Amino acid sequence: MPEAPLDPGYAVTAVAVVVAITVTLRALPFAVRGALSGSALLADLGRWMPLGAVAILAAYCLSGVDLTAGSHGLDELVGVAVTVAVHRWRRNALLSIATGTAAYLLLVNVGLPT
Amino acid sequence: MDELTPVGARDAGATRRAPRGGDLTAAARESGVVWAGMVALGVGFGALVTAHGLPWWLAPVISATVFAGSVEFVLVGMLATAAPVAAVAVTTLLVNSRHLFYGLTFPLHRVRGRLGRAYSVFALCDEAYALTAGKAPEALSGGRIVWTQFGMHAGWAAGSAAGGVLGATVLGGLHGLDFVLTALFVVLTLDAYRARPDRRTLVLAAGCAGLALVATSALGSQAMLPVAMTSFTACLLARHHVTRRPGRA
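Calculation criteria
Residues numbered from 1 in each chain as written. Chains lettered and ligands numbered in written order. Predicted model: local features only at pLDDT ≥ 70, side-chain atom pairs only at ≥ 80, totals over all residues. Helix = DSSP H or I, 4+ residues; strand = E, 2+ residues; numbered from the N terminus. Rg over C-alpha atoms; globule rule 2.2 N^0.38 Å. Contact = placed C-beta atoms within 7 Å. Nonpolar A, V, L, I, M, F, W, Y, C, P; charged D, E, K, R; others polar. UniProt positions renumbered as here; feature names shortened; annotations may be inferred. Axes fitted to C-alpha atoms, helices over the stretch in contact; angles between N-to-C directions. Parallel < 35°, antiparallel > 145°, perpendicular 65-115°, else oblique. Left-handed = near helix turned anticlockwise from the far one by under 90°. Domains from an automatic or database assignment. Buried ≥ 20, exposed ≤ 12 C-beta atoms within 10 Å, placed from the backbone. Expected span 1.5 Å × (residues − 1). Arc of directions from axis to C-beta. Core = buried A, V, L, I, M, F, W, Y, C linked by C-beta atoms within 7 Å.

> Explain the overall build of chain A here, please?
Broken down by element type, chain A carries 4 helices and 0 strands. For chain A, the α and β elements follow one another from N to C terminus as α-α-α-α. Here the C-alpha atoms of chain A give a radius of gyration of 21 Å, more than 25% beyond the 13 Å that 2.2 N^0.38 yields for 114 residues. Along the first, second and third principal axes, the C-alpha atoms of chain A reach 55 × 55 × 25 Å.

Structure follows, in structure tokens:
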């Protein structure tokens with residue numbers, strides 16, 4: 001809880017700074033890309049980057065799992081396993097995500113039958 | 001311009017300029033579940049804003065203008081404690097530095113018009129990159145890319161507004177909706193690997209993620225992503241130089 005009410009001027013400045021930095025970070029590589037266009041380096045990055053980036057994002061999503069408490073990561077393991085299994089079975093991203101998330105929500109909010 | 005693009009016969013239908021409605025439908029069919037997930041996550045973000053004692057409208061304002069989930073969650077805590085603007089700037093730079101790599105391979109050339117391109121760059125979040133970069137650019141129309149991004153943007157902002165108004169009390173019951181994103185990235189990894197079974201890239205990415213997790217364990221979860229992305233990109237640059245050495249074709 002804040003001790004004093006939020007100063008609108010401060011809030012506007014802070015949010016504007018975050019927006020400016022984020023947009024700059026998103027726009028910068030396009031400037032570099034012009035200079036690299038048609039290069040072997042860009043072709044290689046285009047082949048390798050997407051797979052690696054989504055794999056790292058998946059790892060990041062799971063990095064907050066606490067293996068020492070709660071279900072010791074079992075909920076997440078089951079959620080991922082269901083997602084992978086359904087996706088290998090039907091190859092329908094929507095169905096895989098919905099089923100995996102439903103399994104996870106069930107485990108987290110209702111728990112395993114005891 | 002599309003008529004001049006050489007494509008295989010199988011892709012010809014997808015490459016032809018689709019009507020606007022077709023782009024929206026294609027984007028919704030493919031990304032609808034992500035849009036819904038964005039609404040759900042936005043509700044959580046909005047509830048967090050009011051839980052910090054901040055005015056509810058700050059949630060949709062931040063979500064509509066910043067549109068970068070991870071840094072928004074950090075920003076709320078900093079605003080509530082009136083952290084110096086310089087500290088906010090450094091944190092944003094560190095947390096969002098991974099975006100420096102997305103633009104290198106994002107299919108922006110498929111988006112038409114200055115306004116569309118400017119919006120596409122502005123709204124280039126993790127999920128936007130993940131949903132588009134792994135696909136063959138010829139199979140993606142510009143309209144579909146922009147609709148995919150706008151659906152996530154609108155869902156995130158609308159969810160944030162709803163969460164801000166309703167607050168944590170009404171919506172505190174259900175935990176774990178953020179697993180939508182975990183499942184999304186798992187599915188996208190499977191699809192990307194299936195399209196191009198590249199075990200070396202997967203091992204490099206997993207290694208960088210694991211090392212980053214260990215190296216940043218003392219700094220909190222926000223540090224893992226930029227460290228992993230930076231080291232992964234460094235590995236790819238090294239790999240490029242090794243495999244493209246003169247004489248090795």
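Anyway, onward from the coordinates.
> Looking at this structure, how should I read the overall build of chain B?
Summing up its helical and strand segments, chain B has 12 helices and 0 strands in all. Listing the helices and strands of chain B from first to last along the sequence gives α-α-α-α-α-α-α-α-α-α-α-α.

> Sorry, what's going on with the interface of chain B and chain A here?
Where the parts come together, the accessible area they lose is often given as the size of the interface. Contacts between chain B and chain A engage 75 residues on the former and 61 residues on the latter. When residues in the side of chain B that touches chain A are grouped by element, the largest group, 14 residues, is from helix 10 (residues 179-195) of chain B. Across the side of chain B that touches chain A, the residue classes tally to 53 nonpolar, 18 polar and 4 charged.

> Mind showing me how you'd approach the UniProt feature "transmembrane region" (unreviewed entry) in chain A here?
All names here are of chain A. Residues given the UniProt feature "transmembrane region" (unreviewed entry) here are residues 12-36, 48-65 and 93-112. Each end of residues 12-36 is marked by a C-alpha atom, and these two atoms are 37 Å apart; helix forms 100% of the span and strand 0%. Secondary structure content for residues 48-65 is 83% helix and 0% strand, while the C-alpha to C-alpha distance between its ends is 27 Å.

> Would you explain the packing of helix 3 (residues 74-90) of chain A against helix 4 (residues 93-109) of chain A in this entry?
Any two packed helices are characterised by how steeply their axes cross, that is the angle between the axes, and by the distance between the axes. Residue and element names in this part refer to chain A. Packing of helix 3 against helix 4 leaves a shortest axis separation of 8 Å and a crossing angle of 155°. Between helix 3 and helix 4, the crossing angle belongs to the class labelled roughly antiparallel. In this structure, the crossing between helix 3 and helix 4 has a hand that is right-handed. Across the interface between the two elements, Asp 75, Val 78, Gly 79, Val 80, Val 82, Thr 83, Val 86, His 87 and Arg 90 of helix 3 pack against Leu 95, Ser 96, Ile 97, Thr 99, Gly 100, Ala 103, Tyr 104, Leu 107 and Val 108 of helix 4.

> Whenever I open this one, the domain arrangement of chain A confuses me. Can you help?
Entries for chain A in the domain assignment read domain 1 (1-47) and domain 2 (64-114). Using C-alpha coordinates to define each centre, domain 1 of chain A is positioned 33 Å away from domain 2 of chain A.

> Sorry if this is basic, but what is going on with the UniProt feature "transmembrane region" (unreviewed entry) in chain B here?
Under the present numbering, the feature "transmembrane region" (unreviewed entry) in UniProt falls on residues 33-59, 71-95, 165-190 and 202-219 of chain B. Secondary structure over residues 202-219 of chain B splits into 78% helix and 0% strand, and the C-alpha atoms at its two ends are 25 Å apart.

> Help me understand helix 3 (residues 58-65) of chain B, please; the structure alone is not making it clear to me.
A turn of α-helix holds 3.6 residues, and therefore any two residues three or four places apart point the same way. Taken residue by residue, helix 3 of chain B has Leu 58, Ala 59, Pro 60, Ile 62 and Ser 63 of chain B as its buried positions. Phi turns positive one or two residues past the end of helix 3 of chain B, at Phe 67 of chain B, with a value near 45°.

> Sorry if this is basic, but what is going on with the packing of helix 1 (residues 8-36) of chain A against helix 5 (residues 85-96) of chain B here?
The geometry of helix 1 of chain A relative to helix 5 of chain B is characterised by a closest axis approach of 9 Å and an angle of 25° between their N-to-C directions. If you check the angle between helix 1 of chain A and helix 5 of chain B, you find them roughly parallel. Crossing of helix 1 of chain A over helix 5 of chain B shows right-handed handedness. Counted together, Thr 13, Ala 14, Val 17, Val 18, Ile 21, Thr 22 and Leu 25 of chain A of helix 1 of chain A and Val 85, Val 88, Ala 89, Thr 92, Leu 93 and Asn 96 of chain B of helix 5 of chain B form the full contact between these two elements. Split by residue class, the contact of helix 1 of chain A with helix 5 of chain B holds 9 nonpolar, 4 polar and no charged.

> Whenever I open this one, unusual backbone geometry confuses me. Can you help?
One can expect most non-glycine residues to show negative phi and most peptide bonds to be in trans. Here the phi dihedral of His 72 of chain A falls at roughly 60°; this positive angle occurs in a residue that is not glycine. Mapping His 72 of chain A onto the fold places it in the loop between helix 2 (40-62) and helix 3.

> Sorry if this is basic, but what is going on with helix 5 of chain B here?
Compared with an ideal rise of 1.5 Å per residue, which puts 12 residues at 16 Å, helix 5 of chain B spans 16 Å between its outermost C-alpha atoms and is within 8% of the ideal. Every buried residue belonging to helix 5 of chain B is among Val 88, Thr 92, Val 95 and Asn 96 of chain B, and all of these are buried. The buried residues of helix 5 of chain B occupy one face: seen down the axis, they fall within an arc of 80°. Set apart from the buried face of helix 5 of chain B by more than 90 degrees, the exposed residues are Ala 86, Ala 87 and Val 90 of chain B. If you follow the buried residues of helix 5 of chain B, they end up packed against helix 1 of chain A together with helix 4 (69-80), helix 6 (99-102) and helix 12 (224-243) of chain B.

> Would you take a moment to explain the nonpolar core for this structure?
In a soluble, globular protein the nonpolar side chains are often hidden away together inside. Formed by 88 residues in total, the largest nonpolar core has its most connected members in Val 54, Ile 56 and Leu 57 of chain A together with Ala 130, Leu 184, Phe 185 and Ala 228 of chain B. At 13 residues, helix 2 of chain A tops the list of elements feeding residues into this core. Among the domains, domain 1 (1-47) and domain 2 (64-114) of chain A are the pair contributing at least three residues each to this core. Not counting chain neighbours up to four residues away, the residues in contact with Leu 184 of chain B comprise Ile 97 of chain A together with Val 34 and Glu 127 of chain B. Among the nonpolar cores identified, the runner-up in size contains 6 residues, and Ala 27, Val 111, Leu 140 and Ile 145 of chain B belong to it.

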